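# Report on the structure
Residues per chain are reported as follows:
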Amino acid sequence: METATDPQTAEKHLVEQIFSGRARIQAELARVIVGQKEVIEQLLIALFAVGHCLITGAPGLAKTLLVKSLSQIFHLKFHRIQFSPDLISLPGSAR
């Protein structure tokens, strides 16, 4: 009989929690973000791997809305940093 302190049982329970949490996050994001399933999947991979993301794409693809929605799911503060090539000031270039 398995006990709660059995390492395999504890590991199985942890994996189930991760899958359940991932499914809940995806469901919440799907309520707001439509047609971006692959982007959501990649964002969640980075999140669970404790990594970083650089989200790029054409205007209007809900990049900001995606990250803002994710921050709301986790009850985090959201701040946006605008970055685009036209904002880069190269040495020696006149503005």
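Residues numbered from 1 in each chain as written. Predicted model: local features only at pLDDT ≥ 70, side-chain atom pairs only at ≥ 80, totals over all residues. Heavy atoms only, no water.

## Comments concerning the nonpolar core
Ile25, Leu29, Ile33, Ile40, Leu43, Leu44, Leu66 and Leu70 form the largest nonpolar core, which has eight residues in total. Within the residue set of this core, elements represented by two or more residues are helix 1 (7-32), helix 2 (37-48) and helix 3 (63-73). Setting aside residues up to four positions removed in sequence, Leu29 forms contacts with Ile40, Leu66, Ser69, Leu70 and Ile73. (Core = buried A, V, L, I, M, F, W, Y, C linked by side-chain atoms within 4.5 Å. Buried < 20%, exposed > 50% of the residue type's maximum accessible area, 1.4 Å probe, protein only. Helix = DSSP H or I, 4+ residues; strand = E, 2+ residues; numbered from the N terminus. Contact = heavy atoms within 4.5 Å.)

## Let's talk about the side chain of Ser71
Structurally, Ser71 is set in helix 3. The contact partners of Ser71, leaving out residues within four places of it in the chain, are Leu76, Lys77 and Phe78.

## Considering the packing of helix 1 against helix 3
It is the contact of helix 1 with helix 3, at a shortest axis distance of 10 Å, that shows an interaxial angle of 135°. On the basis of their axis angle, the class for helix 1 and helix 3 is oblique. Judged by the sense of rotation from one axis to the other, the crossing of helix 1 with helix 3 is right-handed. Together, Ile25, Glu28, Leu29 and Val32 of helix 1 and Leu65, Leu66, Ser69, Leu70 and Ile73 of helix 3 make up the contact between the two elements. Each residue belonging to the contact of helix 1 with helix 3 can be placed in one class, and the counts come to seven nonpolar, one polar and one charged. (Axes fitted to C-alpha atoms, helices over the stretch in contact; angles between N-to-C directions. Parallel < 35°, antiparallel > 145°, perpendicular 65-115°, else oblique. Left-handed = near helix turned anticlockwise from the far one by under 90°. Nonpolar A, V, L, I, M, F, W, Y, C, P; charged D, E, K, R; others polar.)

Everything listed here is a matter of coordinates, which is why it stays silent on function.
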